[in-house]
Amino acid sequence: SNIISNATRYAKHTSIQTATKQRSISVIITDDGPGIPDHELKQVLTPFYRAEHSRNRQTGGTGLGLAVSHDIMKAHNGSITLANRQPHGLCVTLRFPRPRIQHSH
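Keep in mind it's a predicted model, so treat the numbers as computed, not measured.

Trainee: What is the right way to look at helix H2 (residues 65-75) in this model?
Mentor: Turn by turn, an α-helix covers 3.6 residues, leaving residues three or four places apart pointing in a common direction. For H2, the complete set of buried residues consists of Leu66, Ala67, Ser69 and Met73. For H2, the angular spread of buried residues about the axis comes to 160°, placing them on one side. Looking at the packing, one finds that the buried side of H2 touches helix H1 (2-10), strand E3 (79-84) and strand E4 (90-97). Backbone geometry just downstream of H2 places Asn77 in the positive-phi region, at approximately 60°.

Trainee: Please explain the nonpolar core as it appears in this structure.
Mentor: Generally speaking, a soluble globular protein has its nonpolar side chains buried in company with each other. Membership of the largest hydrophobic core comes to 14 residues, with the highest contact counts inside it found for Ile3, Ile80, Leu82, Leu90, Val92 and Leu94. For this core, the secondary-structure elements that each account for two or more residues are H1, H2, E3 and E4. Broken down by element, the residue count for this core peaks at three residues, all from E4. Not counting residues up to four positions away in its chain, the partners in contact with Ile80 are Ile3, Leu45, Ser69, His70, Met73, Val92, Thr93 and Leu94.

Trainee: For this particular structure, what's the right way to read H1?
Mentor: Of all the positions in H1, only Ile3, Asn6 and Ala7 are classed as buried. Seen end-on, H1 carries its buried residues on one side only, within an arc spanning 100°. In this structure, the buried side of H1 is in contact with strand E1 (14-20), strand E2 (24-31), H2, E3 and E4.

Trainee: Which parts of the structure should I look at to understand a nonpolar patch on the surface?
Mentor: The grouping of Phe48, Leu64, Val68 and Ile72 at the surface amounts to a nonpolar patch, some 370 Å² of accessible area in total. The class of Leu64 is partly exposed, set by a relative accessible area of 30%.

Trainee: I keep staring at the pairing of E2 and nothing clicks. Help me out?
Mentor: Consecutive residues of a regular strand have side chains that alternate between opposite faces of the sheet. Burial runs high along E2: six of the eight residues are buried. Strand direction decides the pairing type here: E1 and E2, joined by seven bridges, are antiparallel. Considered in E2, the bridge of Thr14 is made with Asp31. Where E1 folds back on E2, the antiparallel hairpin that results is connected by three residues. Bridging between E2 and E4 involves eight bridges; their strand directions are antiparallel. Bridge pairing in E4 links Ile25 to Phe96.

Cut-offs and rules
- Residue numbering note: each chain is counted from 1, following its sequence as written.
- Only residues with pLDDT of at least 70 are given local features in this predicted model, and only at 80 or more are side-chain atom pairs given and counted; all residues enter the totals for whole chains, interfaces and linings.
- Water and hydrogen atoms were dropped before computing side-chain values, which therefore reflect all heavy atoms in the structure.
- Residue exposure (1.4 Å probe, protein chains only): buried if accessible area is under 20% of the type maximum, exposed if over 50%, otherwise partly exposed.
- The secondary structure listing takes helices from DSSP runs of H or I that are at least 4 residues long and strands from runs of E that are at least 2 residues long, numbered from the N terminus.
- Directions pointing from the helix axis toward each C-beta atom define the arc.
- In what follows, a contact means two residues having at least one pair of non-hydrogen atoms within 4.5 Å.
- Grouping buried Ala, Val, Leu, Ile, Met, Phe, Trp, Tyr and Cys residues that are joined through side-chain atoms within 4.5 Å yields what is termed a nonpolar core.
- Put simply, a patch holds well-exposed residues, over 30% relative accessible area, that have no salt bridge, with like charges counted together within 9 Å and Val, Leu, Ile, Met, Phe, Trp or Tyr side chains within 5 Å.
- Each accessible area is a Shrake-Rupley estimate made with a 1.4 Å probe; only the visible protein chains count as cover when residues are assessed.
- Think of a salt bridge as a Lys or Arg side-chain nitrogen and an Asp or Glu carboxyl oxygen that are within 4 Å of each other.
- Strands were regarded as paired on the criterion that DSSP finds at least two bridges between them.

Here is the structure:
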């Protein structure tokens, strides 16, 4: 919910898609907001880090949302990746391992 909340807060348009592969399930959230400076894409996943333009006192960001999202994904053996879109916007991909279904005989 933090990722979707950020997208709707900083962008006019947000899209949520899913994709499945043999070993993973992904949720892809894209927006047309300002994005995050390339040099900060990894830093925003650390606690209390606020990006220059989007994480400021006026918007109330504490710099914990993306870090908590990152920790939750790691706890579920998943990953979170952030990538800027051209000409602007952000793409956040949440990738979960696909559950293994065990068949009983």
